[in-house]
Amino acid sequence: MPKLRLKRGDILRLEGLLSLQVEEGRVLISGGLYEKGSKISIPKAKSLPLEAEEDAVVDYSLGEGGHIEHLSERTIPPEWDALIRDIVDKRPRLVMVMGNVDVGKTFFTTYVANTLLRHGIRAAAVDGDVGQADIGPPSTVGVGLFERPVGLLYEIPMLSAYFVGSMSPSGHMLEFIVGMARMVERGLREAEMVIVNTPGWIFGGPARSLQLHLVELLRPDIVVALQQDKELEHLLACIPQTNVRRIPTSKSVRPRSRDERAFLRELLLGRYFNNAGRMVLDLRRVRLERCYYRTGQPIDQRSLGIREPILHAEKLPEGLLVVVKRALSQDAIRELKKRFEQVKVIEAGSERYLLVGLVDKTNELLGLGIIERIDYSRERMTVITPVRDRDRIWAVQIGSMKVKPSGKEVGVLRPGSF
Ligand SMILES: Nc1ncnc2c1ncn2[C@@H]1O[C@H](COP(=O)(O)OP(=O)(O)OP(=O)(O)O)[C@@H](O)[C@H]1O
Ligand SMILES: [Mg+2]
């Protein structure tokens, strides 16, 4: 293996694919301490800074796209260190990191938690990035524990995750908020400090509302505003200023394009379902959540007085829900609307590829699933899932996004239609 001989204070930028092993001395990678014998692998297209704490020798091997560059200055702005020193001294319970996309929120979270670990403080991180989730699979928010230093956030072990329903919080604000609250609660139970990484969705009415309500709900001790310029000021204007700490972004931030993000999402989701199997759930035993279907009183389809075949019918307080094999004629719908205020028509098969969350008795997420089909007459749902233990599944949370097991996104479900 080739070797790097580093002098105390040397700074490197490490780009994956790359693996390193410290042979002598101590280095900091993403703020985490790596000593003699420690190893790290950096995947393709990820880049991390290394700082030599003392003279050191590291062995390395480069893979595809791998690269090591000597830098003339630190990639960590001095304001970050001042803030982290404060955090180490004052030990707030909850720190929330706010920022636009691509400003280094995830890196900052990792850097802080790694640094805290060096001071003997065990932090948990809550990952509010739903699409590019580092903790838990895409479409969830998750919480994990920093037990040892890591280069990248996704390496920390997950404690719990919560299914949001899609790849973005925008159509699932309530699920997102509930999930974040639950993850923070869990983190606070297990760690001295929780660092919350929020989504980079900051402009426009709904985004403002989400961010500010998140602050109101979580009541963080510190809001870290990571900004390039003044792009967070419209939000900060509505937050008690005593809690806000503004810090600049690093010059080393590497932005990701829209395509790159979509590609990464697909890759992660595909990887998640890679070893998935098929499972049949009995809907008389397993509850459905976040949908209209099976929340009403069953009615005899013959009493509806229409000729077209109906697979399932139930009376909802809002009206009628029917599941049909083929779209109903306008006449039939008109007929039903005369008797029921609202008529919801589900075409059998439209549930295919719907992303769902599978939860246990205590409502804890066991994993994700993809609906393959529902047998509406026999009341059975077939899902593709990496979850193995069928007996632990107590409920299915219906999402709004359709994906294939390869990770490819193939459509969405209209809100309220299922
Ligand atoms: N201080 C820094 N030193 C070195 N590299 C950095 C620093 N800050 C960010 N980066 C790099 O910039 C890239 C983007 O950072 P990161 O993923 O943390 O941004 P983000 O705000 O979380 O983005 P997203 O909006 O996609 O969640 C990463 O490769 C990260 O390693
Ligand atoms: Mg991020």
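Residues numbered from 1 in each chain as written. Chains lettered and ligands numbered in written order. Predicted model: local features only at pLDDT ≥ 70, side-chain atom pairs only at ≥ 80, totals over all residues.

Caption draft 1: Here's a closer look at the site of ligand 1. Of all residues adjacent to ligand 1, which total 22 residues, the nearest are Thr75, Gly104, Thr106, Phe107 and Ser250. Secondary structure elements with two or more residues in the shell around ligand 1: strand S7 (47–52) and helix H2 (105–118). Among the residues forming the shell around ligand 1, the class breakdown is seven nonpolar, nine polar and six charged. Of the residues that make up the shell around ligand 1, three or more belong to each of domain 1 (3–71) and domain 2 (78–255). (Near = placed C-beta within 6 Å. Helix = DSSP H or I, 4+ residues; strand = E, 2+ residues; numbered from the N terminus. Nonpolar A, V, L, I, M, F, W, Y, C, P; charged D, E, K, R; others polar. Domains from an automatic or database assignment.)

Caption draft 2: Here's a closer look at the sheet that holds strand S6 (residues 39–42). Judged by pairing direction, the sheet is antiparallel, and its four strands sit side by side in the order S1-S8-S3-S6 without closing on themselves. The sheet is open, and its two edges are formed by strand S1 (3–6) and S6, each paired on a single side. Taking the axes of each pair of neighbouring strands and ignoring which way they run, one obtains an average angle of 25° across the sheet. Pairing geometry for S1 and strand S8 (residues 56–62), over four bridges, is antiparallel. Residue pairing across strands places Leu6 opposite Ala56, the latter belonging to S8. (Pairing = 2+ DSSP bridges. Axes fitted to C-alpha atoms, helices over the stretch in contact; angles between N-to-C directions.)

Caption draft 3: Here's a closer look at the domain arrangement of the protein chain. Under the domain assignment used here, the protein chain contains domain 1 (3–71), domain 2 (78–255) and domain 3 (257–418). In this structure, domain 1 and domain 3 have C-alpha centres spaced 48 Å apart.

Caption draft 4: Expanded view of the sheet that holds strand S2 (residues 11–15). The five strands lie next to each other as S5-S4-S7-S2-S9, forming an open sheet whose pairing is antiparallel. The open sheet has two edge strands with one neighbour each: strand S5 (32–34) and strand S9 (67–71). Neighbour to neighbour, the strand axes of the sheet diverge by 30° on average, direction disregarded.

Caption draft 5: Quick peek at the nonpolar core. Membership of the largest hydrophobic core comes to 91 residues, with the highest contact counts inside it found for Ala123, Ala125, Val126, Ile195 and Val224. Ranked by the residues each element gives to this core, the list is headed by H2, at six residues. Among the domains, domain 2 (78–255) and domain 3 (257–418) are the pair contributing at least three residues each to this core. Apart from residues no more than four positions distant in its own chain, Val126 is found in contact with Val141, Val143, Met180, Met183, Val184, Gly187, Val194, Val196 and Asn197. Listed in part, the 17 residues of the second largest apolar core include Leu14, Val22, Leu28 and Ala56. (Core = buried A, V, L, I, M, F, W, Y, C linked by C-beta atoms within 7 Å. Buried ≥ 20, exposed ≤ 12 C-beta atoms within 10 Å, placed from the backbone. Contact = placed C-beta atoms within 7 Å.)

Caption draft 6: Seen up close, the packing of helix H3 (residues 173–190) against helix H4 (residues 205–218). One way to put it is that H3 packs onto H4 with a least axis distance of 11 Å and a crossing angle of 30°. Considering their axes alone, H3 and H4 lie roughly parallel with respect to each other. The handedness of the crossing between H3 and H4 comes out as right-handed. Where H3 approaches H4, its residues Met173, Phe176, Ile177, Met180, Ala181 and Val184 are matched on the opposing element by Pro206, Leu210, His213, Leu214, Leu217 and Leu218. Partitioned by chemical class, the residues of the contact of H3 with H4 number eleven nonpolar, one polar and no charged. (Parallel < 35°, antiparallel > 145°, perpendicular 65-115°, else oblique. Left-handed = near helix turned anticlockwise from the far one by under 90°.)

Caption draft 7: Quick peek at unusual backbone geometry. Of note, the bond from Gly16 into Leu17 is cis; its omega dihedral lies within 30 degrees of zero at 5°. Mapped onto the elements, Leu17 comes out in the loop between S2 and strand S3 (18–24). At Ser30, a residue that is not glycine, the phi angle is positive and equals roughly 50°. For Ser30, a count of 26 C-beta atoms within 10 Å corresponds to the buried category. The phi dihedral of Arg219 falls on the positive side, at around 45°, and the residue is not glycine. Within the secondary structure, Arg219 sits in the loop between H4 and strand S15 (222–227). The exposure class assigned to Arg219 is exposed, which follows from the 12 C-beta atoms found within 10 Å.

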